[in-house]
Amino acid sequence: MIDIHCHILPDVDDGPKSWESSIEMCRMAFADGIEHMVATPHANDRYHYDREYLRRLLIDLRERIGDGPELSLGCDFHMSFENLQSAMSDSTRYCIAGTHYMLAEMSNYGVPPQIDQSLTQLRTLGITPIITHPERNPILQQNLQRVLQWIELGCVVQVTASTLAGFWGLQAAQAADWLLKHKAVHVLATDSHDTKRRVPNLSAARTIIAESYGSDVAQALVDDNPRAIIHDQPLPYYETN
C-alpha cells in the first residue's frame, strides 16, 4: 500500500512534535503494510511551506528510520489566492516529488465560485489537483455534485481512510459512501498526524472497501492509483461521470 497524504515530519505543522513520534509513525505505517509515504506538510496561512528545509528534514528522517517505508515529499496545499499565485509561478514547488500531481485542500468555511477556474488553470499548467478529503468538508457535504464536476475537469479525489470506520462522524462517512457509489474516489490516504488518534493505517479501510465494493476497487484505491501518482502516470482506476 502507498500513502500519498500524511503528516510525518517533526515540528513543522500540526503533525508530530518530535523525531521519536515521526519515527514511530513510520514504523506503524510499515507494520500496517504501507511501503511508501508521501510527507505532505501544510501550506496555508498558519504554516509556511519551505520546500528546501522540508526536503532536508525528509532526508534526515529516512536516515533515522532505517528499515521502513520509502519517503517522498509533497504538500497539503490550501487553495488560497496567495498559494495559487505561488503555484502559478512555480508549478513544481508543491507537487508530489518528481510528478505533476498536487494535493488540493478546500476551505471548510467557503468554496468560492471561481475555484473551477483555478483548478482549470492548474490543469493548463500540467498539474493534476488531488482534491483532499471532500467528505470531511462541511461545505462540500451539502453539495457533493461539485466533486463530480471537478473530476470532469480532470481532478483526482482522495478520501481519508479513517472516515470509512466512522472516525470523522456519520455525515462524513455518508458523504464518503456517496462518493464511492458514484465512483468518485480514486485514492485512500491516512492524513495521519500522530501515533494515538490520527494514525497511519490503511489496512482497515482496505478491508471495508473490499467487503462493500470488491477487492479490485480496494486494491486500486490503496495501491494501483497511488502507485501511479508517485510514478507520475495516469491512474488505472479513473472514471468520469
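Now for a quick tour of the structure. Note that the coordinates shown come from a computational prediction; the quantities given were computed from them, not determined experimentally. (Residues numbered from 1 in each chain as written. Predicted model: local features only at pLDDT ≥ 70, side-chain atom pairs only at ≥ 80, totals over all residues. Heavy atoms only, no water.)

## With respect to the nonpolar core
Stage number 1. Counting residues in hydrophobic clusters, the biggest one holds 65 residues, and the most contacted among them are Ile8, Leu9, Leu61, Met79, Met106, Trp150 and Leu188.
Stage number 2. What Met106 contacts, discounting residues up to four positions off in sequence, is His78, Met79, Val111, Ile115, Leu119, Ile131, Asn137, Leu140 and Trp150.
Stage number 3. The next biggest cluster of nonpolar side chains, apart from the first, holds 14 residues, and it includes Ile4, Leu103, Val156 and Ile229. (Core = buried A, V, L, I, M, F, W, Y, C linked by side-chain atoms within 4.5 Å. Buried < 20%, exposed > 50% of the residue type's maximum accessible area, 1.4 Å probe, protein only. Contact = heavy atoms within 4.5 Å.)

## Here's the deal with helix α9 (residues 215-230)
Stage number 1. Helix length check: α9 (16 residues) gives 22 Å between terminal C-alpha atoms against 22 Å at 1.5 Å per residue, within 8%.
Stage number 2. Most pronounced at Leu221, the bend in α9 amounts to some 45°.
Stage number 3. Taken residue by residue, α9 has Val217, Ala218, Ala220, Leu221, Val222, Asp223, Asn225, Pro226, Ala228, Ile229 and Ile230 as its buried positions.
Stage number 4. Residue Asp232 follows α9 closely and has a positive phi angle near 60°. (Helix = DSSP H or I, 4+ residues; strand = E, 2+ residues; numbered from the N terminus. Expected span 1.5 Å × (residues − 1). Bend = angle between axes of the 7 residues up to and from the residue.)

## So, the packing of helix α8 (residues 203-213) against α9
Stage number 1. Two numbers describe how α8 lies on α9: the axes approach to 7 Å, and their chain directions differ by 145°. Of the two possible hands of crossing, α8 and α9 adopt the one that is right-handed. Together, Arg206, Ile209, Ala210 and Tyr213 of α8 and Ser215, Val217, Ala218, Leu221 and Val222 of α9 make up the contact between the two elements.
Stage number 2. The residue inventory of the contact of α8 with α9, partitioned by class, reads 7 nonpolar, 1 polar and 1 charged. (Axes fitted to C-alpha atoms, helices over the stretch in contact; angles between N-to-C directions. Left-handed = near helix turned anticlockwise from the far one by under 90°. Nonpolar A, V, L, I, M, F, W, Y, C, P; charged D, E, K, R; others polar.)

## What to know about the sheet that holds strand β1 (residues 2-6)
Stage number 1. Strand order across the open sheet formed by 3 strands is β1-β2-β4, with parallel pairing between neighbours. Edge positions in the open sheet fall to β1 and β4 (70-73), since each of these has one partner strand only. Between one strand and the next, the sheet's axes are offset by a mean angle of 20°, whatever the strand orientation.
Stage number 2. Direction of pairing for strand β2 (residues 36-39) relative to β4: parallel, over a ladder of 4 bridges. Residue pairing for β4: Ala39 is matched across the bridge by Leu73.
Stage number 3. Across the sheet, helix α2 (residues 51-65) lies against β2 and β4, angled at about 175° from β4, the strand it touches most. (Pairing = 2+ DSSP bridges.)

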